[in-house]
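Structural features, examined
Here is how the chains run, residue by residue.
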Amino acid sequence: MNGLRKILVVMLVGSFAAAHAQNSASPVAKPATAKTARAAKAKAKTPEELLLEQLDEKLHKLDDLSQKYDQVQQKVDALQQQLTSRDAELEQSRKDAAAMKLELDAALAAIGPDGASVTKMETDVANLRAASSSLTTQVAATEQATKKLQTADTIHFKGIELKPGGFVAGETVSRQRATGGDVNTPFSSIPFAGQTAGVLSEFNASGRQSRISLLAEGKLPTGTMRGYWEADFLSAGTTSNNNQSNSYTLRQRQAWAQFEMNNGWNLTGGQMWSLATEYRHGLSNNAEATPLTIDAQYNVGFTWERQYGFRAVKKFGNKFWLGGAVEEAQTLNIGGHNLPTIAFQEVGTGGGLYNPTANYSFNYAPDLIAKAAYETNWGHFEVFGVGRFFRDRVYPNGPAPAGATQPVSPSALGAFTDKTEGGGAGVNARVALFSKTLEIGAHVLAGNGIGRYSTSTLPDATAHPDGSLALLTGGSGLGSMEWHVSPRFDIYGYYGGEYAKRAYYNTGLINTTAGPTLGQPILTGYGAPTNIVSGCYTEVLPVSSPNGGGTVPGAATNCNADTRNIQEGTFGYWFRFYRGVRGTLQQGIQYSYAERRTWQGIGDPLADVTNSPKAIDNMWFTSFRYYLPQ
């Protein structure tokens, strides 16, 4: 570029010299005027100045051209560098391709013509997948086990599972007429109006229905072994009272052992709910359909016992069960008036570990119960039968009935033993409606000598004039409605009744005592129309308490009314504040109306005493409970 500039400068200088020589050789110009001379003198430039200006201008243009040339040259150099780098990358790619070809050839040579290595690789991949799946399963099982440990349903102890249960309860009962009962109602003891207990109400409160239980399970290849124990505090020892400490004894509700076999058989022995009790599912223990009442005596018309039993149950598929049981027998107090001299029970002995203040009947055979249950997805149905065996000792030379002349001095001469058999049949039906939120039930038991299997415990029997037992025909019925409004709210209603038929007989003796039956035949048995009931509404003076501490209501005189039927209507609800893995906290209120009607006797119409006295009671219950998690 500098060389080019020199050449241009030389050329310009040469051009300047030539132009100067030409100007020197040209003819002389005309003399200028004064004005022209002054202008020429002011504007005219010498040839050298003009030449220099031209030269400077050309030099500037030359510099611009030089700069453009440098820029072009830089671009050319950059392109040259890119081409050189691209050639190097291309060469490296060729080398890489060659190396990959060598590796591929080696791999193909290793695979061989039969693809053994590929097969091995596929096997390894499959094994890896299987191991991964097994690991995933183990992780899921571990997570599930961890979750169970966090919210365990049972406690693991050696080879068995333990499940504690029960609830703690604070409960009250308020009755219009006093019965001397806690939260369980003695329905047969509802007093008549006018008697001392009939004009006084009662309010009792306790936590005695609080319950504890423990279920133990051990699994074998052939089935499952179980043991269950349950207790509450609704019993009274000789020192139990409500004076200060309110201390009551723990009582056994249930205690049984069980072996449930895989072939459908189930054997259970111990104290449990009777097989006659209704069940919600199959004939499974701890699935009893007990009323939802707060009242620990449940509802009139409910069939139940909790007693010793040994039962065998066979399951056929998922819909049908057959079961049979032998259960503890007990004859309730013989009902009626003017009864002959008989003995059917004895006082318990301390040496025999029985309660010396309670009576125990002379049983010669257990009760026998058979039941069949059928179940669908919308209902549960049962039919059952109860067989009972009774025995008493008869003393034909015992004292004569009240009002009769005593022919000879009473003695035990000629005593003999009499036996009789009875029983009954029952049906339970429960239908679930509206996605099982509403359960409607009907329950019936009827027969001879079955009063013990109903809530009111009406008498099983009375006696013939010869001393043999006369079983009372009777039964019970219960209608139930249980509406599970939500998992937290239940509403229930029950109406039930129990009945004992009258059974009376002519003794052949004549009443010689002054009164409304003077000169009439003396009738023995239950519900005799000659029973005097005129004093059932009359209050009598109190008597000294056999327990000390003052006086208590005296027994009514001329009130020989025998119960014909007892009815009860109940309505209540349960509301759960919380129900979950931490247990259940709930509250409930129950109202019940109970009515006891008697067989017609001889009343006192002038004193407004009917021939069939009636006793009623209005009762309110409250409960506040916490249940252990189920």
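Residues numbered from 1 in each chain as written. Predicted model: local features only at pLDDT ≥ 70, side-chain atom pairs only at ≥ 80, totals over all residues. Heavy atoms only, no water.

1. Here we look at the overall build of the chain
A count of helical and extended segments in the chain gives 5 helices and 27 strands. Counting all 630 residues of the chain, 37% fall into the buried class. For the chain, the proportion of contacts with a sequence separation of at least 24, taken over those separated by at least 6, is 65%. When the accessible surface of the chain is summed, it comes to about 35,600 Å², and 60% of that surface belongs to carbon and sulfur atoms. (Helix = DSSP H or I, 4+ residues; strand = E, 2+ residues; numbered from the N terminus. Buried < 20%, exposed > 50% of the residue type's maximum accessible area, 1.4 Å probe, protein only. Contact = heavy atoms within 4.5 Å. Areas by Shrake-Rupley, 256 points an atom, 1.4 Å probe, with all protein chains shown as cover.)

2. So, the pairing of strand β20 (residues 489–500)
Regular strands have side chains that alternate between both faces of the sheet. As defined by bridge partners, strand β19 (residues 473–486) adjoins β20 across 12 bridges and the pair is classed as antiparallel. In the strand pairing of β20, S486 is matched with F489. Both β20 and strand β25 (residues 563–580) contribute to a ladder of 11 bridges, which runs antiparallel. Paired with G496 across the bridge in β25 is E568. (Pairing = 2+ DSSP bridges.)

3. Remarks on the pattern of salt bridges
Summed over all chains, the structure comprises 22 salt bridges. One salt bridge connects R226 with E217, and the closest N-O pair in it is separated by 2.7 Å. With a relative accessible area of 18%, R226 lands in the buried category. A residue is classified by how much of its surface remains accessible, and E217, at 23% relative accessible area, is partly exposed. Across the salt bridge formed by R388 and D460, the nearest N and O atoms sit 3.1 Å from each other. You can see R388 sitting in strand β14 (residues 379–394) and its partner D460 sitting in the loop between β16 (438–448) and β17 (461–463), a full 72 residues away along the chain. (Salt bridge = Lys/Arg side-chain N within 4 Å of Asp/Glu carboxyl O.)

4. What to know about the state of the cysteines
Following the criterion strictly, the structure yields 1 disulfide and no others. The residue that forms a disulfide with C536 is C559, at a sulfur-sulfur distance of 2.1 Å. Its torsion about the S-S bond being 100°, the disulfide of C536 and C559 is classed as right-handed. Of the two residues, C536 is situated in the loop between β22 (521–526) and β23 (543–544) and C559 in the loop between β24 (551–552) and β25; the sequence distance between them amounts to 23 residues. (Disulfide = S-S within 2.5 Å.)

5. Let's talk about the pairing of β25
Taken together, the 16 bridges between β25 and strand β26 (residues 583–598) define a ladder with antiparallel strand orientation. Of the residues in β26, the one forming a bridge with Q567 is E595. Linking two consecutive strands that pair antiparallel, namely β25 and β26, is a turn of 2 residues.

6. Comments concerning the environment of V431
With respect to the helices, strands and loops of the structure, V431 is situated in strand β15 (residues 416–433). V431 gets classed as partly exposed once you look at its relative accessible area, which sits at 23%. Note: C-alpha distance between V431 and T376 (55 residues apart in sequence) is 9.4 Å. Once you skip the residues sitting within four places of it in the chain, V431 turns out to touch W378, G379, F381, L438, E439 and I440.

7. Topic: the confidence of the model for the chain
For the chain, per-residue confidence averages 88 on the pLDDT scale, and residues scoring 70 or more make up 89% of the total. A low-confidence stretch, residues 16–37 stays under pLDDT 50, and its non-local contacts, those more than four residues away or across chains, total 6 contacts. (pLDDT = per-residue confidence, 0-100.)

8. What to know about empty space enclosed by the protein
Applying the stated rule across the entire model yields 3 cavities of 30 Å³ or more. Put simply, the largest cavity is a space of about 80 Å³. The wall of the largest cavity is formed by 13 residues, among which I450, G451, G474, G475 and Y499 lie closest to the centre. Those elements giving two or more residues to the lining of the largest cavity turn out to be β19 and β20. Take the lining of the largest cavity: its biggest share by element is 4 residues, from β19. (1 Å grid on protein atoms, 1.4 Å probe; cavity = no way out; pocket = protein on both sides within 12 Å on 5 of 7 lines; lining within 4 Å. Points joined across faces, edges and corners; volume = space filled by probe spheres on them.)

9. A look at the side chain of Q307
By the secondary structure assignment, Q307 is in strand β8 (residues 306–316). Not counting chain neighbours up to four residues away, the residues in contact with Q307 comprise G270, Q271, M272, E327, E328, R452 and Y453.

10. Quick look at the packing of aromatic side chains
Evaluation of the coordinates by the stated rule reveals 18 aromatic pairs. Their ring planes at 15° and their centres at 3.8 Å tell us that Y354 and Y360 sit as a pair that is stacked. Relative to Y494, the ring of Y492 has its centre 5.6 Å away and its plane inclined at 35°; by these criteria the two rings are tilted. Exposure class is identical for Y492 and Y494. Each is buried. Put simply, the rings of F489, Y573, F575, F577 and F624 touch in pairs and so form one group of aromatic residues. (Phe/Tyr/Trp six-rings, centres within 6.5 Å; stacked < 30°, edge-to-face > 60°.)

11. Some details on the layout of surface pockets
Of the pockets and cavities examined, the second largest pocket occupies roughly 1,700 Å³. Looking at the second largest pocket, it is lined by 48 residues, and the ones nearest its centre are F167, R211, N286, Y627 and Q630. Tallying contributions element by element places strand β2 (residues 160–175) first for the lining of the second largest pocket, with 5 residues. In the lining of the second largest pocket, the residues fall into 18 nonpolar, 17 polar and 13 charged. (Nonpolar A, V, L, I, M, F, W, Y, C, P; charged D, E, K, R; others polar.)

12. As for the environment of G282
When you line up the elements, G282 lands in the loop between β7 (265–273) and β8. On the basis of relative accessibility, which here comes to 0%, the residue G282 falls in the buried class. For the pair G282 and Y374, spaced 92 residues apart in the sequence, the C-alpha separation amounts to 7.4 Å. Once residues within four sequence positions are removed from consideration, G282 is found in contact with W321, A373, E375, H380 and E382.

13. Observations regarding a nonpolar patch on the surface
A contiguous nonpolar surface patch, about 330 Å² in accessible area, is contributed by I212, L214, W229 and L250. Residue placement: I212 occurs in strand β4 (residues 211–220). (Patch = residues over 30% accessible without salt bridge, like charges linked within 9 Å, V, L, I, M, F, W, Y side chains within 5 Å.)

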